[in-house]
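Summary of structural features
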Amino acid sequence: MILTRLVFECFEDTTLTAVERAISSLITELKYNGQIIGNEFPCLLKDGQFVTQALCPTEDALAHYNNNSAVSRALTALNEAGVLKPKIDILGQELHSDMSDPEHNPSWQILYTSYVQTCSPLRCGEHFAPIPLYRQPKLANGCYKQLINWQQDWQACDQLQMNGRSAEFAAVAEIGEHDSSLAMRGRALANTLEKNSGIATYYYLYRVGGENKSSEQQRRCPSCNGDWALSEPIHQVFDFKCDDCRLVSNLSWDYN
Ligand SMILES: [Zn+2]
Ligand SMILES: [Zn+2]
């Protein structure tokens with residue numbers, strides 16, 4: 001990820017409330033279009049300018065050709081609030097986050113996230129690197145917004161089960177079962193992405209627990225009961241892959 005600074009300057013008399021509202025709408029739309037990543041975007045008023053920092057998947061993430069119509073509308077609203085479009089400073093490569101997938105046409109892709117990740121929830125099947133959402137063909141009806149919301153819910157469940165809280169079992173079922181409400185949402189989104197891009201799009205099912213290693217190795221696809229065990233794991237994460245159901249999973253982390 002690339003750490004970027006956005007500097008907003010007012011060109012006419014305006015109010016603090018109007019400026020704050022316009023900046024925060026723009027930040028929200030950029031986030032839902034995958035152009036900036038994360039949940040917290042501190043904004044500071046310094047020497048008459050508003051300054052905020054964000055992680056971007058690539059150096060050109062905030063270029064106009066990556067904007068969707070909601071981002072363009074937010075930029076117009078910014079202008080109406082008396083603020084120029086932001087000046088972008090590229091600060092450099094951030095060390096703790098993953099590098100984005102190189103630009104190419106992957107043969108397959110996966111919806112995959114975890115609570116520690118700060119990146120796109122869509123990964124290349126070949127490189128296992130996050131794919132910036134704005135590189136996908138544009139989609140109407142707020143699909144990427146739903147995808148970001150799905151990612152946040154998945155991460156919240158993962159965080160609960162990692163911390164071993166009382167809601168742990170419910171959280172594991174949400175991220176591990178193929179027909180949980182979270183999985184149904186994610187699989188429908190994966191299906192939409194596949195139809196839109198023409199790229200086979202898989203959904204990841206988290207697996208933990210189980211009786212023993214051998215029963216876990218013989219696990220069948222939970223959706224079609226087919227044989228989905230891989231002879232070699234992919235990316236040291238996926239031991240199971242069902243091409244019919246577009247599902248991937250790991251050998252239970254208890255026996256891995
Ligand atoms: Zn790739
Ligand atoms: Zn299956």
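This part is about the domain arrangement of the protein chain. Domain annotation for the protein chain reports domain 1 (2–93) and domain 2 (108–249). Once you take the C-alpha centre of each, domain 1 and domain 2 turn out to be 31 Å apart. Contacts between the two partners involve 16 residues from domain 1 and, on the opposite side, 13 residues from domain 2. Of the roughly 1,100 Å² buried between domain 1 and domain 2 on both sides combined, carbon and sulfur atoms contribute 63%. Taken together, domain 1 and domain 2 are joined by zero salt bridges. Summed over the shared surface of domain 1 and domain 2, the result is three residue pairs in polar contact (both at pLDDT 80 or more). For the side of domain 1 that touches domain 2, the class distribution of residues is six nonpolar, eight polar and two charged.

This next bit is on the pattern of salt bridges. Tallied over the full model, the rule gives eight salt bridges. Where Asp 89 meets Lys 87, a salt bridge forms, and the shortest distance between an N and an O atom there is 3.7 Å. Assessed through its relative accessible area of 23%, Asp 89 is described here as partly exposed. What makes Lys 87 partly exposed here is its relative accessible area of 47%. Between Arg 123 and Asp 98 there is a salt bridge, with the nearest N and O atoms lying 2.8 Å from each other. Remark: Asp 98 occurs in the loop between strand 4 (87–93) and strand 5 (108–111) and Arg 123 occurs in strand 6 (residues 122–124); sequence separation between them is 25 residues. Judged by relative accessible area, Asp 98 falls into the partly exposed class, the value being 32%. Linked through salt bridges whose partners overlap, the residues forming this network are Arg 5, Lys 87 and Asp 89.

What follows is about the packing of helix 3 (residues 143–163) against helix 4 (residues 168–176). Two numbers describe how helix 3 lies on helix 4: the axes approach to 8 Å, and their chain directions differ by 140°. When the interaxial angle is binned, helix 3 and helix 4 end up oblique. By crossing handedness, the relation of helix 3 to helix 4 is classed as left-handed. Taking contact as the criterion, the partners of Trp 154, Cys 157, Asp 158, Leu 160 and Gln 161 in helix 3 are, on helix 4, Glu 168, Ala 171, Val 172, Glu 174 and Ile 175. Class assignment of the residues belonging to the contact of helix 3 with helix 4 gives a composition of six nonpolar, one polar and three charged.

Thresholds applied
- Residues numbered from 1 in each chain as written.
- Chains lettered and ligands numbered in written order.
- Predicted model: local features only at pLDDT ≥ 70, side-chain atom pairs only at ≥ 80, totals over all residues.
- Heavy atoms only, no water.
- Domains from an automatic or database assignment.
- Contact = heavy atoms within 4.5 Å.
- Buried area = accessible area lost by both parts, 1.4 Å probe.
- Salt bridge = Lys/Arg side-chain N within 4 Å of Asp/Glu carboxyl O.
- Polar contact = N/O pair within 3.5 Å; in protein donor to acceptor, adjacent residues only side chain to side chain.
- Nonpolar A, V, L, I, M, F, W, Y, C, P; charged D, E, K, R; others polar.
- Buried < 20%, exposed > 50% of the residue type's maximum accessible area, 1.4 Å probe, protein only.
- Helix = DSSP H or I, 4+ residues; strand = E, 2+ residues; numbered from the N terminus.
- Axes fitted to C-alpha atoms, helices over the stretch in contact; angles between N-to-C directions.
- Parallel < 35°, antiparallel > 145°, perpendicular 65-115°, else oblique.
- Left-handed = near helix turned anticlockwise from the far one by under 90°.

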